[in-house]
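In case you want the letters, here they are:
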Amino acid sequence: MKNLKLILAMLAFIFAIGLSFAFMGDTGSGAWINYNGVPTELELDPCQGNGNDCKVVFEDDPNQTEYTVYTDDTLSQTRKSNNPEPYIIP
Amino acid sequence: MKWYQKHRETIVQTACLLFIVLFAYAGLTKLLEGHLFYDSIRNSPILGGKAMASLASWALPLSELAVALLLIWKKTRLIGLYGAAVLMLLFTGYTLAIVFFAPYRPCSCGGVISLLSWEQHLVLNAILLLLALMAIWSSLKNKGIPWKKTPQGR
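Quick caveat, the model's predicted, so the values are computed rather than measured. (Residues numbered from 1 in each chain as written. Chains lettered and ligands numbered in written order. Predicted model: local features only at pLDDT ≥ 70, side-chain atom pairs only at ≥ 80, totals over all residues. Heavy atoms only, no water.)

Student: Talk me through the sheet that holds strand β5 (residues 67-68) of chain A; I want residue IDs and the actual numbers.
Tutor: Residue and element names in this part refer to chain A. Strand order in the open sheet made by the three strands is β5-β4-β7, with mixed pairing throughout. The strands lining the two open edges of the sheet, one partner per strand, are β5 and β7 (87-89). Looking at chain direction, strand β4 (residues 55-58) and β5 are connected through two bridges and run antiparallel. Paired with Val56 across the strands is Tyr67, a residue of β5. (Pairing = 2+ DSSP bridges. Helix = DSSP H or I, 4+ residues; strand = E, 2+ residues; numbered from the N terminus.)

Take a look at the structure:
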């Protein structure tokens, strides 16, 4: 086959496209905050490791309020993080 | 050595296919979940900052996709390999800085690679960098271009 190498390379590209769609995250982050009295799940998990209380701030919040992150919507158990600073969420 | 010389073109082709899958996947993932990638860079202990995050969230995935496309065609393959080597050098430098100099380890979230620890990530990046350099060297050999420029007397 004359163009086998080109076809193989294009197939590899198409495979990568399929792979990226297959691994798109659709499960919950497992990170909850008390946002204005409402348990709210974050889109991503900002807590990695242990050592410090895991907290987040919203970048566009003029008050830069720090929200403690919890494991679930009962807001009973806090998450830990190795980052001493609050995670900035755009 | 004879085996290597015989299969040099196959090795280069295989390396190119690997890089096509790697960079196309990485670039598309970063574009499809751009806000997550922006978050990661924004909160990076090494880079951080709004400006760097804004720049990287567009420049990096587009560069990766460009390199993947360049590697598809034989005429542009060598340029693509140079691009792959530069990107791998950047990624290796970043993971090196995270592992040895960062005050804390951030989340390495995203697709298949998130299953690796930062140390494993560093080893993988170093191996891929060596692979890119080897593919460049083999490509230049195939074309008959000397690896080093030798001074020519006049």
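Student: Give a detailed account of the pattern of salt bridges, specifying residues and quantitative values.
Tutor: All names here are of chain A. In the structure shown here, the tally under the stated rule is six salt bridges over all chains. Its salt-bridge partner being Lys80, residue Asp53 comes within 2.6 Å of it at the nearest N-O pair. On the criterion of sequence distance, the pair formed by Asp53 in strand β3 (residues 52-53) and Lys80 in strand β6 (residues 80-81) is long-range, its members being 27 residues apart. Owing to a relative accessible area of 41%, Asp53 belongs among the partly exposed residues under this scheme. A relative accessible area of 36% means that Lys80 is categorised as partly exposed. (Salt bridge = Lys/Arg side-chain N within 4 Å of Asp/Glu carboxyl O. Buried < 20%, exposed > 50% of the residue type's maximum accessible area, 1.4 Å probe, protein only.)

Student: Any details on helix α3 (residues 34-42) of chain B? Residues and values, ideally.
Tutor: Buried within α3(B) are the following residues: B:Phe37, B:Tyr38, B:Asp39, B:Ile41 and B:Arg42. Check the buried side of α3(B) and you find it contacts β7 of chain A together with α2 (8-32) and α4 (50-70) of chain B. (Contact = heavy atoms within 4.5 Å.)

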